[in-house]
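# Structural description and commentary
Now for the letters of each chain:
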Amino acid sequence: MAEKALKPMLSVVEKTQDKIIQIKDLQIWINESRILNNITLSIPKNEITCIIGPSGSGKSTLIRSINRINDEVPGISTQGEIIFNGLSINNKNIDLAQLRTQIGMVFQKPCVFPKSIKENVLFGIPHLKKISKLEKFQIAEENLKAVSLWKEVAHRLHDKAISLSLGQQQRLCIARTLAIKPEVILLDEPTSSLDPISARAIEDMMVRLKKKYTIIFVTHNLQQAKRIADNLVFICDGKLIEQGPASKMLSCPSNPETKAYVTDEYCEC
Amino acid sequence: MLGSTNNIGKYYVYGSTLISAFIVFLIFSILLVNSWEAVTTIGLDLFNLNWNPATREFGIWSMLFGTLVVTFIALLIAVPLGVATAIFTSEILPSTYRIVVKSLLELLAGIPSIIFGLIGIAFFSIWIQNIFDLQSGRTILTAGILLSIMILPTIITLTDDAFNNIPSKYRETAKGLGLYKYEIIKEVLLPIAKPDLKGAILLAFGRALGETMAVMLVIGSIDKIPDPIYNWLSPGQTITSKLGREIAETSFGSVHFSAMIFMGLLLFIIVLILTIISQNSLKSNGRLYE
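Residues numbered from 1 in each chain as written. Chains lettered and ligands numbered in written order. Predicted model: local features only at pLDDT ≥ 70, side-chain atom pairs only at ≥ 80, totals over all residues. Heavy atoms only, no water.

### Thoughts on the overall build of chain B
A count of helical and extended segments in chain B gives ten helices and two strands. Shown N-terminal to C-terminal, the secondary structure of chain B runs as helices and strands in the order α-β-β-α-α-α-α-α-α-α-α-α. Taking all 290 residues of chain B together, 43% fall into the buried category. Restricting the contact set of chain B to residue pairs at least 6 apart, pairs at least 24 apart contribute 74%. Of the side-chain charges in chain B, 18 are positive and 18 negative, and the distance between the mean point of each set is 8 Å. (Helix = DSSP H or I, 4+ residues; strand = E, 2+ residues; numbered from the N terminus. Buried < 20%, exposed > 50% of the residue type's maximum accessible area, 1.4 Å probe, protein only. Contact = heavy atoms within 4.5 Å. Lys, Arg positive; Asp, Glu negative; His and termini not counted. Charge placed at Lys NZ, Arg CZ, Asp CG, Glu CD.)

In structure tokens, the structure reads:
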């Protein structure tokens, strides 16, 4: 009887500690230089984790190793372990394409394919030929609505995607990533090439999307991190300086270097 | 810099360009003037089947047919082979080896065509003869296969460049969406490289049309359309091989000579049109490269 009563409570405890990704002692070298140095961190599920730090600190390398898109960089070597849903993704036999459908990625510069808007949204969906026309339309509608682009493009789904503005293109890229139904979305400075209004639109969208997805967001814009982050990871010179809930790290960081960065955007490490 | 030196430079560059353009125009008009007699005296009979200078029959149809079929065979073999090779060198081979492999392949382009011809006549046509049990291995097919090897480097180099010009962000984005490598090549890279590919094929087409030496040695030089026309294991004749063999036997100013020049003009016009189309597609806009 006592066990039964405990179980729901335990699951609540587990849920709050639900770490979808755990990184253990990650080290990345490119040729002779060490880009990341003993990174150990965990990413909680259904929250926005922002990775902040000065440029050249290894933020991008870190996020790009989570879906192993860095693999083909010449001269790269990786040590350590990344665990996603209890499985180590550093296993050689893993199906990378499969992994990347579960961990989607949006890049710094919007990159639409030279196809129509609708084709772009549907691009990553496997076995597209087997899907009916109506279903395709529904998928496009659902995902474009999720990124608040539907109203703007509903009447011209067959136009070339390149005709959209950069901000719209980036939202289209996010819709395209959502369409493959990932669990985690990696965003590598997705707003850095956009105007402030488009950037705010994407920030608002992230806050809405976190109910369904785990979001890892690299930014060099501290204000942006303050607006959206649930958790912060501060990286400097390839080292993890501090990680924790955003509220704590922004108000009373335990590390003096974090404090300097959060208050003055200054970093000496 | 002084204004006057600037002007000298300007006229030098202008002048050089004008000379080149003038030479093209000159060649064209010489061909046109010299083929005029054949056009006026023979007229539409130029497109007949029979070529016999003794009876004043100058039908170029079998040469035209030979040219088109040989080129068709060459493209049929070289395009899939060349595009696949270029995909391998640009997308699969690590970039450190790419330069080595590519320059080795480009060496193919540097081999003088007479060498291809000699190998073709000494070995290749013999093989064809033995394999298909023919009286002679000098056939349309032999010429086509030999020609395909000769245009291969053009296709490989231009296609490889086309793939390399595609910004890596497309590959990365597609990879990030969980596409496999062959899907990325098929769904993303090939469609983007398509205009360049078209240009490469047309350029190779033009080169194949104009190739003389190797083709002349292995095609058999019989002015006949094979019977049936898809029997490519019979000897034939192309415009270039006909010109190469017979132009020295004609007397300048005769109708025979004029008919030969007419063939040359025809070839010139076809190659010119192909070049124009291929250049248009090579520089085609609507491309999304930044």
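Next, the rest of the story.
### Focus on the interface of chain B and chain A
Counting residues at the interface gives 16 residues for chain B and 24 residues for chain A. Buried surface at the junction of chain B and chain A, both sides included, amounts to about 1800 Å², of which 63% is carbon and sulfur. Where chain B touches chain A, the interface holds three salt bridges. The partner of B:Lys181 in a salt bridge is A:Glu72, and the shortest N-O contact between them spans 3.8 Å. Applying the counting criterion to the chain B and chain A interface returns two residue pairs in polar contact (both at pLDDT 80 or more). (Buried area = accessible area lost by both parts, 1.4 Å probe. Salt bridge = Lys/Arg side-chain N within 4 Å of Asp/Glu carboxyl O. Polar contact = N/O pair within 3.5 Å; in protein donor to acceptor, adjacent residues only side chain to side chain.)

### Thoughts on the confidence of the model for chain A
When pLDDT is averaged along chain A, the result is 86, and 93% of the positions lie at 70 or above. Within the model, the stretch residues 10-16 of chain A combines pLDDT values under 50 with zero contacts to residues more than four positions away or in other chains. (pLDDT = per-residue confidence, 0-100.)

### Topic: the environment of A:Leu128
You can see A:Leu128 is positioned in the loop between helix 4 (117-121) and helix 5 (133-146). Beyond its immediate sequence surroundings of up to four residues, A:Leu128 is in contact with A:Leu122 and A:Lys136.

### Details of the side chain of A:Arg100
Residue position: A:Arg100 is located in helix 3 (residues 96-102). A polar side-chain atom of A:Arg100 sits 3.0 Å from the main-chain carbonyl oxygen of A:Asn67. Those residues in contact with A:Arg100 that sit more than four places away from it in its chain are A:Asn67, A:Arg68, A:Ile69, A:Ile180, B:Lys175, B:Gly176 and B:Gly178.

### Focus: the UniProt feature "domain: ABC transmembrane type-1" (unreviewed entry) in chain B
Sites flagged by UniProt as "domain: ABC transmembrane type-1" (unreviewed entry) map to residues 64-278 of chain B. End-to-end, the C-alpha atoms of residues 64-278 of chain B are 21 Å apart, and along that stretch the chain is 78% helix and 0% strand. (UniProt positions renumbered as here; feature names shortened; annotations may be inferred.)

### Remarks on the packing of aromatic side chains
Under the counting rule described, the total for this entry stands at ten aromatic pairs over all chains. Taking 4.9 Å as the distance between ring centres and 55° as the angle between the ring planes, the aromatic pair formed by B:Phe252 and B:Phe257 counts as tilted. Through a chain of ring-to-ring contacts, three or more aromatic side chains come together here, namely A:Phe113, A:Phe123 and B:Tyr170. A cation over an aromatic ring shows up here: B:Lys169 above the ring of B:Tyr170, its NZ or CZ 5.4 Å from the ring centre. (Phe/Tyr/Trp six-rings, centres within 6.5 Å; stacked < 30°, edge-to-face > 60°. Lys NZ or Arg CZ within 6 Å of the ring centre and 35° of its normal.)

### Structural notes on the confidence of the model for chain B
In this model, chain B carries a mean pLDDT of 89, and residues with pLDDT of at least 70 account for 97%. For residues 285-290 of chain B, every residue scores under 50 in pLDDT, and the model assigns this stretch twelve contacts once sequence neighbours within four places are set aside.

### Digging into the UniProt feature "domain: ABC transporter" (unreviewed entry) in chain A
With numbering aligned to this structure, UniProt lists the feature "domain: ABC transporter" (unreviewed entry) at residues 21-262 of chain A. Regarding residues 21-262 of chain A, the helix share stands at 36% and the strand share at 27%, and the terminal C-alpha atoms are separated by 25 Å.

### Topic: the packing of helix 2 (residues 61-92) of chain B against helix 5 (residues 140-164) of chain B
All names here are of chain B. Contact geometry of helix 2 with helix 5 gives a least axis separation of 6 Å together with a crossing angle of 35°. In terms of crossing hand, the pair formed by helix 2 and helix 5 is right-handed. For the contact of helix 2 with helix 5, the per-class residue count stands at 22 nonpolar, eight polar and two charged. (Axes fitted to C-alpha atoms, helices over the stretch in contact; angles between N-to-C directions. Left-handed = near helix turned anticlockwise from the far one by under 90°. Nonpolar A, V, L, I, M, F, W, Y, C, P; charged D, E, K, R; others polar.)

### Points about helix 9 (residues 239-246) of chain B
For helix 9 of chain B, the buried fraction is high: six of the eight residues fall into the buried class. Looking only at helix 9 of chain B, the buried set comprises B:Ile239, B:Thr240, B:Ser241, B:Lys242, B:Leu243 and B:Glu246.

### Examining helix 2 (residues 59-66) of chain A
Residue and element names in this part refer to chain A. The buried count for helix 2 comes to seven of eight residues, which makes it a mostly enclosed element. Along helix 2, the positions that sit buried rather than exposed are Lys 59, Thr 61, Leu 62, Ile 63, Arg 64, Ser 65 and Ile 66. Where helix 2 terminates, the next one or two residues include Arg 68, which has phi positive at roughly 55°.

### Digging into the environment of B:Gly220
Residue and element names in this part refer to chain B. As for its placement among the helices and strands, Gly 220 is situated in the loop between helix 8 (213-218) and helix 9. We classify Gly 220 as partly exposed; its relative accessible area is 27%. Taking the C-alpha atoms as reference, Gly 220 lies 7.0 Å from Gln 237; in sequence the two are 17 residues apart. Beyond its immediate chain neighbours, meaning those up to four positions away, Gly 220 contacts Arg 138, Pro 235 and Gly 236.

### Focus: the pairing of strand 3 (residues 48-52) of chain A
All names here are of chain A. Along strand 3, five of the five residues are buried, which leaves the element largely enclosed by surrounding structure. Covered by surrounding structure in strand 3 are Ile 48, Cys 50 and Ile 52 together with Thr 49 and Ile 51, the residues of both alternating faces. Here four bridges tie strand 3 to strand 9 (residues 231-236), and the two strands are oriented parallel to one another. Following the sheet pairing, Thr 49 is matched in strand 9 by Asn 231. (Pairing = 2+ DSSP bridges.)

### What to know about the nonpolar core
The biggest cluster of nonpolar side chains holds 49 residues, and the ones touching the most others in it are B:Ile151 and B:Val188. Contributing elements (two or more residues each) for this core: helix 2, helix 4 (113-132), helix 5, helix 6 (168-176), helix 7 (181-210) and helix 8 of chain B. Among the elements that line this core, the one with the most residues is helix 5 of chain B, at twelve residues. Once residues lying within four places of it in the same chain are set aside, the contact partners of B:Ile151 are B:Ala74, B:Leu75, B:Ala78, B:Ala204, B:Arg207 and B:Ala208. Counting residues in hydrophobic clusters, the runner-up holds 46 residues, among them A:Val121, A:Ile202, A:Ile215 and A:Phe217. (Core = buried A, V, L, I, M, F, W, Y, C linked by side-chain atoms within 4.5 Å.)

### A word on the pairing of strand 8 (residues 214-218) of chain A
Residues and elements named next belong to chain A. A large share of strand 8 lies buried, amounting to five of its five residues. Here strand 3 runs beside strand 8; their pairing, made up of four bridges, is parallel. Counted as the bridge partner of Cys 50 is Phe 217 from strand 8. Once the chain exits strand 7 (residues 184-188) it traverses helix 8 (residues 196-209) before rejoining the sheet at strand 8, and the crossover so formed is right-handed. (Right-handed = clockwise from strand over helix to strand, strands pointing away.)

### Re the UniProt feature "transmembrane region" (unreviewed entry) in chain B
Residues and elements named next belong to chain B. In the numbering used here, UniProt assigns the feature "transmembrane region" (unreviewed entry) to residues 12-33, 58-83, 104-128, 140-159 and 255-277. In the segment residues 104-128, helix accounts for 92% and strand for 0%; the C-alpha atoms at its two ends are 27 Å apart. Between the C-alpha atoms that bound residues 255-277 the distance is 33 Å, and the span itself is 100% helix and 0% strand.

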